[in-house]
Amino acid sequence: MIVISKVNELEKAVEAFRIEGKSIGLVPTMGALHEGHLSLVNRCRRENDVVVVSVFVNPTQFNNKEDLRTYPRTEEADKALLAEAGCDIVFMPTVEEVYPEPDTRVFNLGPVAEVMEGAMRPGHFNGVAQIVSKLFMMVKPDRAYFGEKDFQQIAVIKQMVKSEGFKLQIVPCPIVREADGLAKSSRNVRLSPEARQTAPNIYRTLRESIDYAKSHTVAETQKFVTDTINSYPDMEVEYYQIVDGITLMPVNDWNETNYIVGCVTVYCGGVRLIDNIAYKK
Ligand code: PAF
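Because the structure is a prediction, the values reported are computed rather than measured.

**Description of the overall build of the protein**
No. 1: If you tally the helices and strands in the protein, you get 11 helices and 9 strands.
No. 2: Here the C-alpha atoms of the protein give a radius of gyration of 19 Å, agreeing with the 19 Å that 2.2 N^0.38 yields for 281 residues.
No. 3: Dimensions of the protein, computed from C-alpha atoms along their principal axes, come out at roughly 60 × 40 × 35 Å.
No. 4: Within the span of the protein, comprising 281 residues, buried residues form 53% of the whole.
No. 5: If you take every contact in the protein between residues at least 6 apart in sequence, the share linking residues at least 24 apart comes to 71%.
No. 6: On the protein, roughly 13,300 Å² of surface is accessible, and the fraction owed to carbon and sulfur atoms is 51%.

**Thoughts on the packing of aromatic side chains**
No. 1: Tallied over the entire structure, the rule returns 6 aromatic pairs.
No. 2: An angle of 80° between the planes, with centres 6.2 Å apart, marks the rings of F151 and Y259 as edge-to-face. Of the two residues, F151 sits in helix α8 (residues 151-164) while Y259 sits in the loop between β7 (235-244) and β8 (260-268), which places them 108 residues apart along the sequence. Taken as a pair, F151 and Y259 share a single burial class, namely buried.

**Here's the deal with the site of the ligand**
No. 1: Looking at the ligand, the residues that line it are P28, T29, M30, N58, Q61, I131, F146 and Q153.
No. 2: Note that an oxygen atom of the ligand is positioned 2.7 Å from one of the side-chain N or O atoms of Q153.
No. 3: Relative to its unbound accessible area of 290 Å², the ligand is 87% covered by the protein chains.
No. 4: Looking at the shell around the ligand, its residues break down into 4 nonpolar, 4 polar and no charged.

**Some words on the sheet that holds strand β2 (residues 24-29)**
No. 1: The strand order across the open sheet formed by 6 strands is β1-β4-β3-β2-β5-β6, and the pairing between neighbours is parallel. Among the strands making up the open sheet, the edge pair consists of β1 (2-4) and β6 (169-173). Along the sheet, successive strands turn relative to each other by an average axial angle of 25°, direction set aside.
No. 2: Sheet topology note: the β2/strand β3 (residues 50-55) ladder contains 6 bridges and is parallel. From the neighbouring strand, L26 faces β3, where its bridge partner is V52.

**Some details on the side chain of S23**
No. 1: Here S23 is to be found in the loop between α1 (7-19) and β2.
No. 2: When its relative accessible area of 19% is taken as the criterion, S23 is described as buried.

**Concerning the environment of Q197**
No. 1: With respect to the secondary-structure elements, Q197 resides in helix α9 (residues 193-198).
No. 2: A relative accessible area of 68% means that Q197 is categorised as exposed.
No. 3: Expressed as a C-alpha distance, the spacing of Q197 and V27, which sit 170 residues apart in the sequence, is 30 Å.

**Some thoughts on helix α2 (residues 35-47)**
No. 1: In this model, α2 (13 residues) spans 18 Å end to end at C-alpha, consistent with the 18 Å of a helix rising 1.5 Å per residue.
No. 2: Of the residues making up α2, those classed as buried are G36, H37, L38, L40, V41 and C44.
No. 3: Structurally, α2 contributes buried residues whose contacts are with β2, β3, α4 (75-84), β5 (143-147) and β6.

**Considering α1**
No. 1: Taking 1.5 Å per residue as the helical rise, α1 with its 13 residues ought to reach 18 Å, and the 18 Å between its terminal C-alpha atoms agrees with that figure.
No. 2: Restricting attention to buried positions, one finds in α1 the residues V7, L10, A13 and V14. The buried side chains of α1 occupy one side of the element, clustering within an arc of 135° when seen end-on. Structural note: α1 exposes K12 and I19 on the side pointing more than 90 degrees away from its buried face.

**A closer look at the pattern of salt bridges**
No. 1: The tally for this structure, following the rule as stated, stands at 19 salt bridges.
No. 2: Here R45 and D88 are joined by a salt bridge, their closest N and O atoms 3.0 Å apart. Highlighted residues: R45 in helix α2 and D88 in the loop between α4 and β4 (89-91), separated in sequence by 43 residues.
No. 3: Using a relative accessible area of 23% as the deciding quantity, one classes D88 as partly exposed.
No. 4: The closest approach of N and O atoms between E76 and K79, which form a salt bridge, is 3.3 Å. On the criterion of helical spacing, the pair formed by E76 and K79 is a turn pair, its members being 3 residues apart in helix α4.
No. 5: Here K79 falls in the partly exposed class, since its relative accessible area comes to 23%.
No. 6: Look at the salt bridges and you will find they share partners, linking E117, R121, E238 and R272 into a network.

Parameters at a glance
Residues numbered from 1 in each chain as written. Predicted model: local features only at pLDDT ≥ 70, side-chain atom pairs only at ≥ 80, totals over all residues. Heavy atoms only, no water. Helix = DSSP H or I, 4+ residues; strand = E, 2+ residues; numbered from the N terminus. Rg over C-alpha atoms; globule rule 2.2 N^0.38 Å. Buried < 20%, exposed > 50% of the residue type's maximum accessible area, 1.4 Å probe, protein only. Contact = heavy atoms within 4.5 Å. Areas by Shrake-Rupley, 256 points an atom, 1.4 Å probe, with all protein chains shown as cover. Phe/Tyr/Trp six-rings, centres within 6.5 Å; stacked < 30°, edge-to-face > 60°. Near = heavy atom within 4 Å. Polar contact = N/O pair within 3.5 Å; in protein donor to acceptor, adjacent residues only side chain to side chain. Nonpolar A, V, L, I, M, F, W, Y, C, P; charged D, E, K, R; others polar. Pairing = 2+ DSSP bridges. Axes fitted to C-alpha atoms, helices over the stretch in contact; angles between N-to-C directions. Expected span 1.5 Å × (residues − 1). Arc of directions from axis to C-beta. Salt bridge = Lys/Arg side-chain N within 4 Å of Asp/Glu carboxyl O.

Shown next, in the form of structure tokens:
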């Protein structure tokens, strides 16, 4: 595995593989790697000749300075995990290397970026589009892999790919969960022992709501999930929205569309966690 920190070296290394006719897969990450990331790397390994993983805590997508400052950073452990997973190139640049000048680009991300996370975290998705588009320009991958825990992020990136005219396949990968159902996340390490015990109730409630939905309306199901999660100590739902899985627009009736997903954000002991579940797919 080659560890690269400079953009021109990354471009040269990938170009050498491309000249040999090799397919290139990219897994963008912010490090603090866990099994969720490794499932992306494994899938990328199976589907491409060359696996490139970026490890970069992207400052432009954080709308909360404290969240950026305390975001877990575990570079040495990340390198060891990636080497073991068969990664060919790991790109670990500094902020100055990626942003020699402030990135002032504003992307046309459309309505998918305005709801839910877009409404709660102004500027977040534009920052994601900035870094992901830079990585796509540097690596020019054939395929890029993203986890479905960040369900909305995938829709936003697909929109960015369309509006910027990138030629690659976006590959969504299923959520990886702990044995008790909690979605794996780099932020889980911030949970206190008490919050860690309560956090699995998020997914437990989402699962229960699948049955509940069979005899209740969308609005009732939304209320059921919100009230149930809020009834646990130290848990507060920021939003629970049941949306069309493609457009991310709110759904009012179960028969309205064929792909329906519920997206939740919960403050659990002060840590912001997200999760989602499909009602129809
Ligand atoms: O999902 C993430 O970890 C980040 O948003 C991404 C896609 C690596 C961009 O910084």
